[in-house]
Amino acid sequence: MSTPLSHFPANAQRDFAAETCAKLRSAGFEALWAGGCVRDMVLGAAPKDYDVATSATPQQVIELFGQRRTVPVGVSFGVVMVLGPRPECGQIEVATFRSDGEYRDGRRPSTVTFCSAEEDARRRDFTINGMFYDPVAEQVIDYVGGRSDLQARIVRAIGDPTARFTEDKLRMLRAVRFAATYEFSIEDATRDAMRTL
């Protein structure tokens with residue numbers, strides 16, 4: 001079900017996302033594409049934008065790409081925006097692999113801890129958004145069953161749906177949006193948690 005990267009038309013943002021990963025890797029860090037761009041590629045659609053997840057800390061990302069090409073948009077959550085060398089390259093959100101602490105406001109974690117790629121995948125919202133992609137090996141890395149759920153056309157929360165929705169209430173609306181956009185069904189336990197909450 002996955003479409004190789006070489007099957008998509010070349011574009012400046014995709015090339016910049018690949019270069020971002022390559023630069024992080026050459027500095028000794030793990031770096032993968034993450035989230036919606038991976039979902040879209042597995043579905044055979046060209047991604048609209050790209051996000052990178054990495055083992056580099058925000059400070060290491062800033063040092064590697066330089067202060068003039070980075071914007072610390074969410075350093076407390078491990079997120080730095082890296083600006084492309086040309087306007088057509090856009091910008092890439094680079095986020096450190098993280099696990100989340102307690103959610104107190106139903107939207108954002110009170111703390112984050114930097115961790116492994118697998119732990120990062122398991123804290124995300126839905127299996128279809130929890131995959132990574134290695135742009136060098138052109139390989140999907142799937143710790144949460146996202147590929148099989150895409151094939152089955154299902155929106156499923158990662159882990160305990162009630163916990164995922166209690167952490168971030170916006171995820172319930174996202175579930176409906178993904179189901180409507182892709183004409184997927186919502187998995188039973190995920191739907192039951194939405195109704196309860």
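To keep things clear, this report deals only with the structure shown in the data block. A quick note: this is a predicted structure, and the numbers were derived from the prediction, not measured.

**Considering the overall build of the chain**
Part 1 of the argument: A count of helices and strands for the chain gives eight helices and eleven strands.
Part 2 of the argument: Against the compact-globule benchmark of 16 Å for 197 residues, the chain has a radius of gyration of 17 Å, which places it among compact chains.
Part 3 of the argument: On the principal axes, the C-alpha backbone points of the chain span a range of 45 × 40 × 25 Å.
Part 4 of the argument: Within the chain, the fraction of its 197 residues that count as buried is 48%.
Part 5 of the argument: Residue pairs at least 24 apart in sequence account for 57% of intrachain contacts in the chain once pairs closer than 6 positions are excluded.

**Details of the sheet that holds strand β4 (residues 79-83)**
Part 1 of the argument: If you trace the seven strands from one edge of the open sheet to the other, you get β3-β4-β5-β2-β1-β8-β9, paired in mixed fashion. Each having just a single partner strand, β3 (70-74) and β9 (139-141) make up the two edges of the open sheet. Averaged over all pairs of adjacent strands, the angle between their axes in this sheet comes to 35°, without regard to strand direction.
Part 2 of the argument: Pairing of strand β2 (residues 51-54) with strand β5 (residues 91-96) involves four bridges; the strand directions are parallel. From the neighbouring strand, Thr 54 faces β5, where its bridge partner is Thr 96.
Part 3 of the argument: Helix-sheet contacts for helix α1 (residues 12-26) involve β1 (31-34), β2, β4, β5 and β8 (132-134), and the interaxial angle to β1 is about 150°.
Part 4 of the argument: Contacts from helix α3 (residues 58-65) reach β2, β3, β4 and β5, with the element oriented near 15° to β4.

**Looking at the side chain of Asp 40**
Part 1 of the argument: Take Asp 40: it is sitting in helix α2 (residues 36-42).
Part 2 of the argument: The class for Asp 40 is buried, based on a relative accessible area of 10%.
Part 3 of the argument: Once you skip the residues sitting within four places of it in the chain, Asp 40 turns out to touch Ala 45, Pro 47, Lys 48 and Tyr 182.

**Thoughts on the nonpolar core**
Part 1 of the argument: In this structure, Leu 24, Trp 33, Val 52, Val 61, Phe 126 and Val 155 are the most contacted members of the largest nonpolar core, which totals 40 residues.
Part 2 of the argument: Those elements that provide at least two residues to this core are α1, β1, α2, α3, β4, β5, α7 (170-182) and α8 (188-196).
Part 3 of the argument: In terms of residues, this core owes the most to one element, α7, which gives five residues.
Part 4 of the argument: With near-sequence residues (within four places) excluded, Val 61 lies in contact with Leu 24, Thr 54, Ala 56, Gly 66, Thr 70, Val 80, Val 82 and Val 94.

**Examining α8**
Part 1 of the argument: For α8, every residue scored as buried is listed here: Thr 190, Ala 193 and Met 194. Along α8, the residues classed as buried sweep out an arc of 100° about the axis, all on the same side. Summarising the geometry of α8, the exposed residues directed more than 90 degrees from the buried face are Arg 195 and Thr 196.
Part 2 of the argument: Along its buried surface, α8 packs onto β10 (154-155), α6 (161-167), α7 and β11 (185-186).
Part 3 of the argument: Looking at where α8 begins, the residue whose side-chain oxygen comes 3.2 Å from the main-chain nitrogen of Ala 189 is Glu 187.

**Some thoughts on the layout of surface pockets**
Part 1 of the argument: Reported here for the largest pocket is a volume of approximately 1,100 Å³.
Part 2 of the argument: In terms of lining residues, the largest pocket is bounded by 35 residues, among which Asp 51, Glu 93, Arg 123, Arg 124 and Arg 174 are the most central.
Part 3 of the argument: Breaking the lining of the largest pocket down by element, the ones donating at least two residues are α2, β2, β3, β5, β6 (98-100) and α7.
Part 4 of the argument: Classifying every residue of the lining of the largest pocket by side-chain character gives 13 nonpolar, five polar and 17 charged.

Here is what the cut-offs are and how they apply
- Residues numbered from 1 in each chain as written.
- Predicted model: local features only at pLDDT ≥ 70, side-chain atom pairs only at ≥ 80, totals over all residues.
- Heavy atoms only, no water.
- Helix = DSSP H or I, 4+ residues; strand = E, 2+ residues; numbered from the N terminus.
- Rg over C-alpha atoms; globule rule 2.2 N^0.38 Å.
- Buried < 20%, exposed > 50% of the residue type's maximum accessible area, 1.4 Å probe, protein only.
- Contact = heavy atoms within 4.5 Å.
- Pairing = 2+ DSSP bridges.
- Axes fitted to C-alpha atoms, helices over the stretch in contact; angles between N-to-C directions.
- Core = buried A, V, L, I, M, F, W, Y, C linked by side-chain atoms within 4.5 Å.
- Arc of directions from axis to C-beta.
- Polar contact = N/O pair within 3.5 Å; in protein donor to acceptor, adjacent residues only side chain to side chain.
- 1 Å grid on protein atoms, 1.4 Å probe; cavity = no way out; pocket = protein on both sides within 12 Å on 5 of 7 lines; lining within 4 Å.
- Points joined across faces, edges and corners; volume = space filled by probe spheres on them.
- Nonpolar A, V, L, I, M, F, W, Y, C, P; charged D, E, K, R; others polar.

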